[in-house]
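Listed below, chain by chain, are the residues.
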Amino acid sequence: MIVPSSLYSSSSSSSASSSSSQQEPGPSSRRIPLFLLWLLLLLLLMFLMPWLHGRLTYYDLKSRCRAPSLSKKTSKQVLFRNDVEGYSYRSYQYVLRVGYDGSLFNGFQAQRHRRKEMMVPTVQQTIEGAIAKILKIDVGDVHLRGASRTDVGVHARDQVVSFYSHRCLDEGTLQRALNAVLPDSLQVYAAEWVPPDFHPLIHIKSKTYEYKVYSGAIMQPVERFDKMHMPNALDMNRMLEAAKVLVGQHDFIHYSSMKSATLAKRKVSTIKTVENIAIEPVENGLVFTVKGRGFLYHQVRHIVGAILAAGRNRFDVSYLSEMLNPQGEFEHHSPKWRMCPAEGLCLREIELMPLPQPTVLIHPELPHDEDGRVYVIPKEGR
């Protein structure tokens, strides 16, 4: 029997096509594994996103405060000097005048109880790390003391800090070496060798704080880290009258965020002296200047908040006088003003008491340890 060629060719082609279809997978079969791979990657990213966000935020803040490496030119300069003849104490104390952008630090005071990898650096810890680096010692051997423990967001133009070194240092080289390793947001203006019994919290003549208020309708975003925005109308005469009430020696317990029980436990006196309060009108705003020997916790921010509230006619100026006398009905009274935010506050200047030569003790009548430190100074000697 003879089979037609057309039939033969069609059957052969169909068999060839079927065999080729069995050997080569179709496009739909190739897409299934790729889809599953993308799905797995998506699920993995969903689980990792919280962790990645935390790590990226930490490294971003760390990079903004990162210090450059110590330059060869600075490292070749003479930092260590020979010991001073006739100096009988083991350590030398140095005072640094520093300024910093408070928006990039978690306040001044070190927070050693928190986990290091989850913490934004503080001013104290950043300076201690820089000192340890240039002196080539362990950071645990550096203990920095500051004249003012500024909060998160508070800036400083003239903060005073001190530390001890077992070796005599050149002040000029010390300043340049620290600035070489410190971030741009924190710099040292001056370094000075002082007597060993100097204390930055005790031997202070005055502190001057500055608070900026922007009164325009819309504040520029770049100014939000160093000004408080208050577009309300303010009565300048009432604010000047309120400032006069707060000048002098008073009980400022109601002008502090610290509770009475905490103050009593720490034996902190609430009697403080405000030497001067100035209010300077500037373009689209005001600048408050508050000067005093010492202040309670948040006292300056409460003072500015009280004056602004008086300028907005929230209460009579006599109310501020009554709050300075915490007796009777005002003993447990909450203030009618709001404390100002930290961003507008800046530590502008710290004036030290006259100090003797670094080899001469400030309190020779008191007992000193081998480093020349005095742990307890009577009030009459302060």
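**Topic: the packing of helix α6 (residues 236-246) against helix α8 (residues 299-311)**
Step number 1: Between α6 and α8, the shortest axis-to-axis distance is 8 Å and the interhelical angle comes to 140°. The handedness of the crossing between α6 and α8 is right-handed. Contacts from R238, M239, A242, A243 and L246 in α6 reach I303, I307, L308, A310 and G311 in α8.
Step number 2: Grouping the constituent residues of the contact of α6 with α8 by class yields eight nonpolar, one polar and one charged.

**Brief notes about the packing of aromatic side chains**
Step number 1: Within this structure, the stated rule accounts for 12 aromatic pairs.
Step number 2: Relative to Y89, the ring of Y87 lies with its centre 6.1 Å away and its plane at 70°, an arrangement referred to as edge-to-face.
Step number 3: Residue classification places Y87 among the buried residues on the basis of a relative accessible area of 11%.
Step number 4: Geometrically, the ring pair formed by Y319 and W337 is edge-to-face, given 6.2 Å between the ring centres and 75° between the ring planes. Of this pair, Y319 sits in helix α9 (residues 318-323) while W337 sits in the loop between α9 and β12 (345-352); the two residues are 18 residues apart in sequence, bridging distant segments of the chain. An identical accessibility class is assigned to Y319 and W337; each is buried.
Step number 5: Over the face of the ring belonging to F80 we find R167, whose NZ or CZ atom lies 3.9 Å from the ring centre.

**Overview of helix α4 (residues 123-135)**
Helical periodicity: at 3.6 residues per turn, an α-helix aligns residues three or four positions apart in one direction.
Step number 1: Under the 1.5 Å per step criterion, the end-to-end length of α4 is 18 Å for 13 residues, consistent within 8% with the ideal 18 Å.
Step number 2: Counted residue by residue, α4 has 10 buried out of 13 residues, so it is predominantly covered.
Step number 3: Residues of α4 that are buried: V123, Q124, T126, I127, E128, A130, I131, A132, I134 and L135.
Step number 4: Elements in contact with the buried residues of α4: β1 (80-81), β2 (92-100), β4 (155-165), β5 (168-169), α5 (171-181) and β6 (186-194).
Step number 5: Count one or two residues on from α4 and you reach K136, which has phi positive near 60°.

**Here's the deal with the pairing of β4**
For a regular strand, side chains alternate in direction, first toward one face of the sheet and then toward the other.
Step number 1: Within β4, 10 of the 11 residues are buried, leaving the element largely enclosed by the surrounding structure.
Step number 2: Relative to β4, β2 runs antiparallel, the two sharing eight bridges. Bridge assignment links Y94 to a residue of β4, and that residue is F163.
Step number 3: Of the strand pairs in this sheet, strand β3 (residues 145-146) and β4 are connected by two bridges, and their pairing is antiparallel.

**A few points about the nonpolar core**
Step number 1: Of all hydrophobic cores here, the largest spans 81 residues; its most connected members are L96, L174, Y255, F288, I307 and L320.
Step number 2: Of all the elements, α8 adds the most residues to this core, at eight residues.
Step number 3: With near-sequence residues (within four places) excluded, L96 lies in contact with I127, I131, Q159, V160, V161, F163, L174, L178, V188, A190 and A191.

**What about a nonpolar patch on the surface?**
Step number 1: On the surface, a cluster of nonpolar side chains totalling about 880 Å² of accessible area is made up of F35, L36, L39, L40, L42, L43, M46 and F47.
Step number 2: Looking at the element boundaries, F47 is found in helix α2 (residues 27-64).

**Section: the side chain of D371**
Step number 1: Relative to the elements of secondary structure, D371 occurs in the segment after β12.
Step number 2: In this structure D371 comes out as buried when scored by relative accessible area, which is 3%.
Step number 3: Only 2.9 Å separates the side chain of D371 from the side chain of R90, close enough to count as a polar contact.
Step number 4: A polar atom in the side chain of D371 sits 2.9 Å from the side chain of R373.

**Brief notes about α6**
Step number 1: Of the positions making up α6, those classed as buried are R238, M239, A242, A243, V245 and L246. Projected onto a plane normal to the axis of α6, the buried residues spread over an arc of 155° and lie on a single side. Every exposed residue of α6 that faces more than 90 degrees away from the buried side is listed here: N237 and K244.
Step number 2: Buried residues belonging to α6 abut β9 (248-251), β10 (271-282), β11 (285-292), α8 and α9.
Step number 3: The N-terminus of α6 is capped by D235, whose side-chain oxygen sits 3.1 Å from the backbone nitrogen of N237.
Step number 4: Immediately beyond the C-terminal end of α6, within one or two residues, lies G248, with a positive phi of roughly 120°.

**Digging into the pattern of salt bridges**
Step number 1: Tallied over the full model, the rule gives 10 salt bridges.
Step number 2: Here R373 makes a salt bridge to D369, at a shortest N to O gap of 3.3 Å.
Step number 3: Linked by salt bridges that have partners in common, R90, D369, E370, D371 and R373 make up one network.

**Here's the deal with unusual backbone geometry**
Step number 1: In this structure, N284 is a non-glycine residue whose phi angle is positive, near 55°.
Step number 2: With respect to the element layout, N284 can be found in the loop between β10 and β11.
Step number 3: Exposure remark for N284: the relative accessible area of 40% places this residue in the partly exposed category.
Step number 4: Residues other than glycine seldom take positive phi values, yet H298 does so here, at roughly 65°.
Step number 5: Along the polypeptide, H298 turns up in the loop between β11 and α8.

**Quick notes on the confidence of the model for the chain**
As a note on interpretation, predicted positions should not be read in detail where pLDDT is low.
Step number 1: Averaged over every residue, the pLDDT of the chain is 84; the share at 70 or more is 77%.
Step number 2: Mean pLDDT values over the elements of the chain span from 46, in helix α1 (residues 5-23), up to 98, in β2.
Step number 3: Predicted confidence is poor over residues 1-22, with pLDDT under 50, and the contacts of this stretch with residues over four places away or in other chains come to zero contacts.
Step number 4: Note on residues 64-68: pLDDT under 50 across the span, and 15 contacts to partners over four residues away in sequence or across chains.

Criteria and cut-off values
- Residues numbered from 1 in each chain as written.
- Predicted model: local features only at pLDDT ≥ 70, side-chain atom pairs only at ≥ 80, totals over all residues.
- Heavy atoms only, no water.
- Axes fitted to C-alpha atoms, helices over the stretch in contact; angles between N-to-C directions.
- Helix = DSSP H or I, 4+ residues; strand = E, 2+ residues; numbered from the N terminus.
- Left-handed = near helix turned anticlockwise from the far one by under 90°.
- Contact = heavy atoms within 4.5 Å.
- Nonpolar A, V, L, I, M, F, W, Y, C, P; charged D, E, K, R; others polar.
- Phe/Tyr/Trp six-rings, centres within 6.5 Å; stacked < 30°, edge-to-face > 60°.
- Buried < 20%, exposed > 50% of the residue type's maximum accessible area, 1.4 Å probe, protein only.
- Lys NZ or Arg CZ within 6 Å of the ring centre and 35° of its normal.
- Expected span 1.5 Å × (residues − 1).
- Pairing = 2+ DSSP bridges.
- Core = buried A, V, L, I, M, F, W, Y, C linked by side-chain atoms within 4.5 Å.
- Patch = residues over 30% accessible without salt bridge, like charges linked within 9 Å, V, L, I, M, F, W, Y side chains within 5 Å.
- Areas by Shrake-Rupley, 256 points an atom, 1.4 Å probe, with all protein chains shown as cover.
- Salt bridge = Lys/Arg side-chain N within 4 Å of Asp/Glu carboxyl O.
- Polar contact = N/O pair within 3.5 Å; in protein donor to acceptor, adjacent residues only side chain to side chain.
- Arc of directions from axis to C-beta.
- pLDDT = per-residue confidence, 0-100.

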